[in-house]
Amino acid sequence: MTTIATKSSYLDQSRKTFCKNPFLSIKFFVFCHGLLQLSQLLISGYLKSTISTIERRYGLSSQTSGLLASFNEVGNTLLIVLISYFGSRVHRPRFIGCGAILVSLAGFLMSLPHFITGPYEYDHSIASMFSNATDLCQPDGPGAGGNLSDASCMPHTVKENHEVLLVMFVAQALRGIGGVPIQPFGISYIDDFASERNSPLYLGILFSLTVIGPGVAFMLGSAMLHFYVDIDKVSGEEVQLTNEDPRWVGAWWLGYLVAASLVAVSAVPYFFFPREMPKEVTSGEESCSKESEDVLTQLRSRSEHMQNMSLTKFIKCFPLVLLRNLRHPVYLLVVLAQVNLSAMVAGLATFMGKYLERQFSLTASFANMIIGAVNIPGSMVGIVVGGAIMKKFRMSLRQCGALCILGTFLCVVLAFPLLFLGCPTQKVAGVTYSESSEFGHQALECNLHCDCPEKAYNPICGSDSIEYISPCYAGCNVINIDAVKNSVLNYTNCSCISENGMAGSAKPGTCGTGCSHLLLPFVVLSCLAGILASTSHTPSFMLILRSVQPEDKSFAVGIQFMLLRVLAWMPGPVLYGSAIDTTCILWEKRCDKNAACRYYDNNLFRHRYLGLQFFFEVGAFLCFVTVYFILRRQEREARNVAESKTNQEKEKLAENSVKSPESKV
């Protein structure tokens, strides 16, 4: 009796432990995983929100920044196959925690270049703590010969730039490696231990966070870029720029510290979750007690149910499964359609902020706010609408294909006008405004006495509505200063600017493109196009899952994501960046090499950037159309086979009915 009582009290204690311990609750795991995914996506999305600022700060071309943005996919792609093999063979929560620590380390590394390089230097019109030189026209001495822009090719500066790139690329590779186990292990863990009723809800929450996360990242970027980059190195009185100045560099590094800290905190709980936990039930607290009585048997049976395939067999099997799935026309075409859409999204997400800045003369902060508050939530709405339509009408495979066609076709229709909805290139003396021979002669003569350096960059807008790359290039030799704010009010006595037959004046900053009224229509159309393209997200996944053999589903999804990375997420940003670089008309020079672009041909920029988007949308549309016709043909063949079987059965019944009277006779 004593032994039985002891066992009973032990079981009661076990029930309380299993019901009260949060690390044995799948709901708590979902909460932790949602927080981790959100903070992880903050890091990846934050890079895209600050890409134009990083280009300006370290003199990177768009091609280089595009390669940087996609470099995390290298580490991710190399390990994704191994992760699909290990599955439940490892302690998944701990692997997720270790991956999260790597992601956090990568986030801190991304901010490191700010701390290992000196303060941001730019051309001044007012002598500062960095230099007594100015970029005014100084006929009696070396105008800007000693300006800060000329110091950009010192040996220590070149070494710093190489170190910056190395650190950033290593950080991106680490982020890719650390992110490998987070989503697949988290999803499989939830699917294993959540109840069948709640599992779709939990996974839906996680998938929605994959869309919300980048939106939050762009909003974080909008907030951080309001602050000056060297907020920790110089006082506010020393900063002579505003965030509307084209030379402004925001505190891009600050967001990485915030996001990396969140990832580090989110990683801690994973080291306390068990390798396996009791299966969730939905019948209340009593069932929890009932579940705890049999939990040891359950865990043991799960451990014995581990997959038995060796790594060697898995590696041999993988190419066969890959070829079997790629030979399936529906699977291959749907994956190609998703490759087109993903390549479009990869390029747009990386450079849309830069496009808005250049086309509509927006600040980096405001451009990020538009993307985070309008475009990304629009995509989330499209995904939800696509799933709701499928659920409402219980669509067949062919109907899923039709929905994908409709979404991508309407997206193409709305995206086409965007090619013509943009701004012309602003008139920049000696750069874009040189058609007039009279002006060209004036540009050569009016500032020859100023001895202006080629590298000078301090844009001003003349009273003639023409932009000059520096006060020296406009021949300005007088500056009016606001003594209270220590900022420039205007420049006067500018020999290259004609105002009523006299030397004109100029105000600091760019003249802008002058078509801000087109911003609202552009944002509305691009948001609607994004919503319509996103409606194909859920039905295209259903086409993949239903078009392959049941035993190949997990492999098919893994192959799909691998192909999306290799064919879309890796080359997409580089392709867009290369196209953008071809539209540059004035490069910043560092050591006689092109660095960041200062002026683009806006018409070429728009046509090539949005033209690539249109190309990928049309490619996805054609793939979905082909899928639809294949599915319709398969349905027709299946219907013919069914009808022929029915006719054969009728003929057999007729023959039997004829034979039965004869047998009776």
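See the structure printed just above.
Quick caveat: nothing in here was measured; it's all calculated off a predicted structure.

(A) Fine view of the nonpolar core. Ranked by size, the top nonpolar core spans 69 residues in total, and within it Met-352, Tyr-355, Leu-356, Phe-360, Phe-522, Tyr-576 and Tyr-609 carry the most contacts. Looking at this core element by element, the count peaks at 16 residues for helix α14 (residues 329-360).

(B) Spatial organisation of the packing of helix α16 (residues 397-415) against helix α18 (residues 519-534). The geometry of α16 relative to α18 is characterised by a closest axis approach of 8 Å and an angle of 165 degrees between their N-to-C directions. For the element pair α16 / α18, the angle class is roughly antiparallel. Here the hand of the crossing between α16 and α18 comes out left-handed. For the pair α16 and α18, contact is made by Gly-407, Leu-410, Cys-411 and Leu-414 and by Leu-525, Leu-528, Ala-529, Leu-532 and Ala-533, respectively. A per-class count over the contact of α16 with α18 returns 8 nonpolar, 1 polar and no charged.

(C) Expanded view of the pattern of salt bridges. What the rule picks out here adds up to 7 salt bridges. The residue Glu-73 makes a salt bridge to Arg-565 at a minimum N-O spacing of 3.1 Å. Remark: Arg-565 occurs in helix α20 (residues 553-569) and Glu-73 occurs in helix α5 (residues 72-86); sequence separation between them is 492 residues. We classify Arg-565 as buried; its relative accessible area is 17%. Taking the shortest distance from any N to any O, the salt bridge between Arg-590 and Glu-588 comes out at 2.8 Å. What makes Glu-588 buried here is its relative accessible area of 13%.

(D) Looking closely at the state of the cysteines. Inspection of the entire model under this criterion finds 5 disulfides. Sulfur-sulfur distance for the disulfide between Cys-423 and Cys-515 comes to 1.5 Å. On the sign convention where negative means left-handed, the S-S torsion of about 130 degrees between Cys-423 and Cys-515 marks this disulfide as right-handed. You can see Cys-423 sitting in the loop between α16 and α17 (437-446) and its partner Cys-515 sitting in the loop between β5 (502-508) and α18, a full 92 residues away along the chain. The side chain of Cys-476 participates in a disulfide bridge whose partner is Cys-494; the two sulfur atoms lie 1.9 Å from each other. One quick way to see it: the torsion about the S-S bond of Cys-476 and Cys-494 is about 105 degrees, and its sign makes the bridge right-handed. One end of the pair, Cys-476, is in strand β3 (residues 476-482); the other, Cys-494, is in strand β4 (residues 487-499), and 18 residues separate them in sequence. Accessibility classification places Cys-476 together with Cys-494 in one group, the buried group.

So, how was this worked out
- Residues numbered from 1 in each chain as written.
- Predicted model: local features only at pLDDT ≥ 70, side-chain atom pairs only at ≥ 80, totals over all residues.
- Heavy atoms only, no water.
- Core = buried A, V, L, I, M, F, W, Y, C linked by side-chain atoms within 4.5 Å.
- Buried < 20%, exposed > 50% of the residue type's maximum accessible area, 1.4 Å probe, protein only.
- Helix = DSSP H or I, 4+ residues; strand = E, 2+ residues; numbered from the N terminus.
- Axes fitted to C-alpha atoms, helices over the stretch in contact; angles between N-to-C directions.
- Parallel < 35°, antiparallel > 145°, perpendicular 65-115°, else oblique.
- Left-handed = near helix turned anticlockwise from the far one by under 90°.
- Contact = heavy atoms within 4.5 Å.
- Nonpolar A, V, L, I, M, F, W, Y, C, P; charged D, E, K, R; others polar.
- Salt bridge = Lys/Arg side-chain N within 4 Å of Asp/Glu carboxyl O.
- Disulfide = S-S within 2.5 Å.

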